[in-house]
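Structural overview
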Amino acid sequence: MPESTSIPNDLYLSEFGYDLPDDKIARYPLEQRDSSKLLVWKSGKIEDGLYSELADYLPKPSLLVFNNSRVIDARILFQKPSGGQIEIFCLEPDQSFKSIAHAMEQTGRVKWTCLIGGASKWKHGQILRKKIGEIILEARFIEKRKDDFIIEFSWTPASLLFATVLHQLGTIPLPPYLKRAAESSDAERYQTIYAEESGSVAAPTAGLHFSKKLLRELSDNKIESLFLTLHVGAGTFMPMKTEKISEHHMHEEYIEVSAEALEKLISKMHEPVIAVGTTSLRTLETLYWLGFLISLDKNISAADLHLDQQVPYTRAPNITAKEAMHFLLEWIRFKPGKKFTTKTRLFVVPGYQFKIVNGLITNFHQPQSTLLLLVAALIGQGWKSVYQWALDNDYRFLSYGDGCLFIS
């Protein structure tokens, strides 16, 4: 099979920066989800709109693909007997768990990979305790690694699911750039209205703009919806540290795929497929590459089927998107429950060849971020005029801000 090039070697992080004034960052959402502004980019032309008018801008018929992951209450504050605070930020379950759902269903005891705020204050062997009502949660320091920690949690009553414990004792993990603590309203507003599968530590923010009314209007206009799952990791907040983009190590995230979802996607692939958010886009494109890998080895095991960031840049696939989806569908049909959980490191940068996605709805992203690189991969140098337009026309930026629709 012919080989294509690796991640382009001539891409530099400094090329994807812009000046983001602090007052352009939205600290809170607007009262109505679909009242946010929508910058519409179609083949290089820009138009100002609103999310409530989205049906007017989308091709008909078309398929909108959403990420239905639910943000977990991943931040836990422990008070030391001496008065100091230690914050534990749960990132993902220990490698022994096949999925986040499996880890969230554990009772009595579980290990997670975490970030620690105030780690230097946590003496080795010291057990942290937190009690709310009848629930007592203990945290034990197991291992310090290069970028994170392994923490063992145990609790009583031991019959409670870890998901219940987190919901009672933890808080919603707002992005650090909001520079504020989570408030009671964030429990609702930092979730999409269709959030279902618990596991994200950051919201798939493009979906925050969708109300029940808007979803009904889209359906009435022959714009159907499909729900996939990618559990957003903390890596979405992490700044890129390498000037040479090809040297960046993309973070890993869980995706969940069902045969039912694939069947619907295959039936709609003759229509434009619009991803709602960068996580939906990365999920859709990951599905293509998983199907491609299965086409090379139809007996590949579930443990070996995952996507590394280099695969799309070192392989030259010779199958169509629909063929790849059929390979994946047939493989999943033999799995328990006809569904599958795996991990993806898909890193979308300029030069990436899109296989499934025809458009994207997304928020305005931080300078020099992997999310901005993805936008640049989709619309090229046009990202600069889009972001300048947004800055000049009082658009609100980042998680609680306004958004864009890109259709080529």
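Attention here is on the structure that accompanies the text. (Residues numbered from 1 in each chain as written. Predicted model: local features only at pLDDT ≥ 70, side-chain atom pairs only at ≥ 80, totals over all residues. Heavy atoms only, no water.)

Here Glu217 lies in helix 5 (residues 212-220). A sequence separation of 162 residues divides Glu217 from Ala55, and the C-alpha atoms of the two residues are 7.0 Å apart. (Helix = DSSP H or I, 4+ residues; strand = E, 2+ residues; numbered from the N terminus.)

The subject of this paragraph is the environment of Gly83. When you line up the elements, Gly83 lands in the loop between strand 5 (75-79) and strand 6 (85-93). Taking relative accessible area as the criterion, Gly83 reaches 42% and is therefore assigned partly exposed. Residues Gly83 and Leu208, spaced 125 residues apart in sequence, show a C-alpha to C-alpha distance of 37 Å. (Buried < 20%, exposed > 50% of the residue type's maximum accessible area, 1.4 Å probe, protein only.)

What follows is about the pattern of salt bridges. All chains considered together, the criterion is met by 20 salt bridges. Between Asp186 and Arg180 there is a salt bridge; the shortest N-O distance is 2.8 Å. Like Asp186, the residue Arg180 is buried in the burial classification. Residues participating in the shared-partner salt-bridge network are Glu92, Glu252, Lys343 and Arg345. (Salt bridge = Lys/Arg side-chain N within 4 Å of Asp/Glu carboxyl O.)

Strand order across the open sheet formed by six strands is 5-6-7-10-9-8, with antiparallel pairing between neighbours. Pairing within the sheet leaves two strands with one partner each, and these edge strands are strand 5 and strand 8 (127-132). Mean inter-strand twist for the sheet, computed between neighbouring axes without regard to direction, equals 35°. Here six bridges tie strand 6 to strand 7 (residues 109-117), and the two strands are oriented antiparallel to one another. Paired with Phe89 across the strands is Leu115, a residue of strand 7. Taken strand by strand, helix 3 (residues 162-169) contacts strand 5, strand 6, strand 7, strand 8, strand 9 (135-144) and strand 10 (149-156), and its axis lies near 105° from that of strand 9. (Pairing = 2+ DSSP bridges. Axes fitted to C-alpha atoms, helices over the stretch in contact; angles between N-to-C directions. Contact = heavy atoms within 4.5 Å.)

Read these as layout, nothing more, since geometry by itself doesn't imply function.
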